[in-house]
Amino acid sequence: MGRMEPIDPAWSLDRRAQIEGWPFRCGGAGAFERPELNELRDIWRLRAMGKPVPTRPDFDARTLKPFLRNITILERVFMDQSSWRYRVRLAGSTIVDTVGDHTGRFIEEYLPTEVVPRWTAIYDAAIASTKPLRIVAEFMLPRLNFLCGEALIAPLADQAGNISLVIGCIYFHPKLTLPTN
């Protein structure tokens, strides 16, 4: 009898995004278009050597300096044993300028209800995979519907060793429009 391989969280999320019509694609962090994201992925992998994932202290201000404007750090906060929410712990200036400052807030406090599941699914997949993910997204929110972005989303452990944090680094760019005849 054959052995079932575990389902890859990145593949599972990408499949769900396709079925649900979510405006992003997800994959492993093999290669990014933005060199900065490749560099951050390599730092994440280096800091993860010998442990399941790097810790939050592994990503101090000195380490994050080249990326800091584009960084977000979210914390998974358990409400009970089977439910959790994500709270923004840090948002870089590009993030704040683009989407607003939501530091200290839970994502459902500022995102429309219908998009919360897709955002939490991304963070859940990063934590479940214990690896960096590559997300390529088109933003559909009214204030951001002219933007696309490429992001690295990766899990981090807190000081107690619990994988309860997610670091994201995103670079925005305008959507390409096709010329009309």
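Above this note sits the structure.
As the structure is a prediction and not an experimental result, all values here were calculated from the model. (Residues numbered from 1 in each chain as written. Predicted model: local features only at pLDDT ≥ 70, side-chain atom pairs only at ≥ 80, totals over all residues. Heavy atoms only, no water.)

Draft legend 1. Examining helix α1 (residues 9-20) more closely. Under the 1.5 Å per step criterion, the end-to-end length of α1 is 16 Å for 12 residues, consistent within 8% with the ideal 16 Å. For α1, the set of buried residues is P9, A10, L13, D14 and A17. End-on, the buried residues of α1 take up no more than an arc of 135°, which puts them together on one face. Those residues of α1 that are exposed and angled more than 90 degrees off the buried face are W11 and I19. Of the residues one or two after α1, G21 is the one with positive phi, at around 75°. (Helix = DSSP H or I, 4+ residues; strand = E, 2+ residues; numbered from the N terminus. Expected span 1.5 Å × (residues − 1). Buried < 20%, exposed > 50% of the residue type's maximum accessible area, 1.4 Å probe, protein only. Arc of directions from axis to C-beta.)

Draft legend 2. Here's a closer look at the nonpolar core. Counting 31 residues, the largest nonpolar core has L13, F24, Y123, I135 and I153 as its most contacted members. Contributing elements (two or more residues each) for this core: α1, β1 (24-28), β3 (83-91), α5 (116-129), β4 (133-138), β5 (147-157) and β6 (163-174). In this structure I135 touches L13, F24, R25, C26, I122, G149, E150, A151 and I153, once residues within four positions along its chain are discounted. W44, L64, F67 and A157 belong to the second-largest nonpolar core, a separate cluster that totals 21 residues. (Core = buried A, V, L, I, M, F, W, Y, C linked by side-chain atoms within 4.5 Å. Contact = heavy atoms within 4.5 Å.)

Draft legend 3. Molecular detail of the sheet that holds β4. Reading across from one edge, β1-β4-β5-β6-β2-β3 is the order of the 6 strands in this open sheet, with antiparallel pairing throughout. What marks the edges here is a single partner per strand, and that holds for β1 and β3. Here the strands of the sheet are splayed against their neighbours by 25° on average, with no regard to which way each runs. Sheet analysis places strand β2 (residues 71-80) next to β6, joined by 5 bridges and oriented antiparallel. Counterpart to T72 in the pairing with β6 is G168. Against the sheet, α1 contacts β1 and β4, and its axis sits at roughly 165° relative to β1. Against the sheet, α5 makes contact with β1, β2, β3, β4, β5 and β6, and its axis sits at roughly 40° relative to β5, the strand it touches most. (Pairing = 2+ DSSP bridges. Axes fitted to C-alpha atoms, helices over the stretch in contact; angles between N-to-C directions.)

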